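Listed below, chain by chain, are the residues.
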Amino acid sequence: MYVATQSGVLIVFNHLLESVNQLAISNVSLRGIAINHTDHQIYVASSDKHVYIINPIHLSVRSQIQVAQHSIFSLAYSAESKRLYIGSRDARLYVYQMLEKPELIKTIDAHLFTINDMLIDPSKQILISASRDKTIRIWDLQSFELLKVIDQKYEAHRNSVNKLLYLGQSNLLISASDDRSVMGWKLHSINTKYDTNG
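Residues numbered from 1 in each chain as written. Predicted model: local features only at pLDDT ≥ 70, side-chain atom pairs only at ≥ 80, totals over all residues. Heavy atoms only, no water.

Draft legend 1. Focus on the sheet that holds strand β6 (residues 50-55). With respect to topology, four strands assemble into an open sheet ordered β4-β5-β6-β7, the strand pairing being antiparallel. Taken across any chain shown, the strands that pair with only one partner, and hence form the sheet edges, are β4 (30-36) and β7 (60-66). When strand polarity is set aside, the average angle formed by the axes of neighbouring strands in this sheet is 25°. Relative to β7, β6 runs antiparallel, the two sharing six bridges. Paired with Y52 across the bridge in β7 is Q64. (Pairing = 2+ DSSP bridges. Helix = DSSP H or I, 4+ residues; strand = E, 2+ residues; numbered from the N terminus. Axes fitted to C-alpha atoms, helices over the stretch in contact; angles between N-to-C directions.)

This is the structure we're talking about:
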């Protein structure tokens with residue numbers, strides 16, 4: 001297990017949750033992690049506007065991508081297309097083709113404020129993003145078309161949406177917010193909602 005810390009250090013934990021290694025990457029906060037199992041790479045988002053490409057075997061920085069003019073908050077990786085989706089504080093979604101030299105192939109004005117979290121459902125070919133603008137947005141993974149906005153029209157969150165979790169077998173998307181609520185959404189019928197206040 002890999003943990004990105006506010007102190008700019010990536011910490012590795014074993015199955016007993018014991019810290020076994022660490023790598024100082026930046027002098028500012030690390031914000032997110034995505035793992036490329038096929039090519040044995042870890043992508044780490046940082047507040048210093050970079051995504052660091054980590055070699056997990058030697059736990060070393062292999063290279064880096066300077067992405068935006070603002071902090072990078074979230075990452076999602078598609079193994080099928082070999083694309084890295086990067087969510088920034090500038091509310092943009094940056095899409096990189098992860099070749100030998102990463103290539104920016106698309107920039108999308110995706111939200112109104114920071115993109116806090118993203119995840120991919122490869123079976124449905126969708127990318128889901130959560131933002132400080134109080135919305136969850138669902139995108140076509142290949143065309144980048146915006147398919148759905150989950151907002152107040154669906155009695156959604158009243159504050160920043162910070163975290164997403166997808167339970168694929170149940171078709172259930174879970175979202176957590178600064179409004180102190182956790183909500184669940186059936187993706188095949190977005191009007192079916194389960195809400196647990198916390």
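Draft legend 2. Expanded view of the pairing of strand β9 (residues 83-88). Taken across its six residues, β9 has six buried, putting it largely inside the fold. Residues of β9 alternate between two faces, with R83, Y85 and G87 on one and L84, I86 and S88 on the opposite face, all of them buried. The hairpin turn running from strand β8 (residues 72-78) into β9, its antiparallel successor, is four residues long, and K82 in that turn takes a positive phi close to 55°. Where β9 and strand β10 (residues 92-97) come together, five bridges link them in antiparallel fashion. Bridged to Y85 within β10 is V95. Hairpin connection between β9 and β10: a loop of three residues separates the two successive antiparallel strands, and A91 in this loop has a positive phi of roughly 75°. (Buried < 20%, exposed > 50% of the residue type's maximum accessible area, 1.4 Å probe, protein only.)

Draft legend 3. View of the side chain of S160. With respect to the helices, strands and loops of the structure, S160 is situated in the loop between β15 (146-150) and β16 (161-167). Residue S160 is classed as buried on the basis of its relative accessible area, which comes to 10%. Looking at S160, its side chain comes within polar contact range of the side chain of N116, at 2.9 Å. When sequence neighbours within four positions are dropped, the list of residues in contact with S160 reads N116, S131, R132, K134, A176, S177 and D178. (Polar contact = N/O pair within 3.5 Å; in protein donor to acceptor, adjacent residues only side chain to side chain. Contact = heavy atoms within 4.5 Å.)

Draft legend 4. Region of the structure containing the environment of S78. With respect to the helices and strands, the residue S78 is situated in strand β8. Dropping the residues within four chain positions of it, S78 is found in contact with R83, Y85, I120 and L141.

Draft legend 5. Spatial organisation of the packing of aromatic side chains. A complete count under the given rule lists one aromatic pair for this structure. On the numbers, 5.5 Å between centres and 50° between planes, the contact of Y43 with Y77 is tilted. Placement of the pair is Y43 in strand β5 (residues 41-46) and Y77 in strand β8, with a sequence separation of 34 residues. In this structure, R132 packs its charged tip against the face of F113, placed 5.5 Å from the ring centre. (Phe/Tyr/Trp six-rings, centres within 6.5 Å; stacked < 30°, edge-to-face > 60°. Lys NZ or Arg CZ within 6 Å of the ring centre and 35° of its normal.)

Draft legend 6. Just the pairing of strand β12 (residues 115-121), in detail. Most of β12 sits out of view: seven of its seven residues are buried. Pairing of β12 with strand β13 (residues 126-131) involves six bridges; the strand directions are antiparallel. In the sheet register, L119 faces β13, and the bridge partner there is I128. The antiparallel pairing of β12 with β13 creates a hairpin that spans four residues between the two strands, and Q125 there sits at a positive phi of about 55°.

Taken by themselves, the reported measurements are silent on function.
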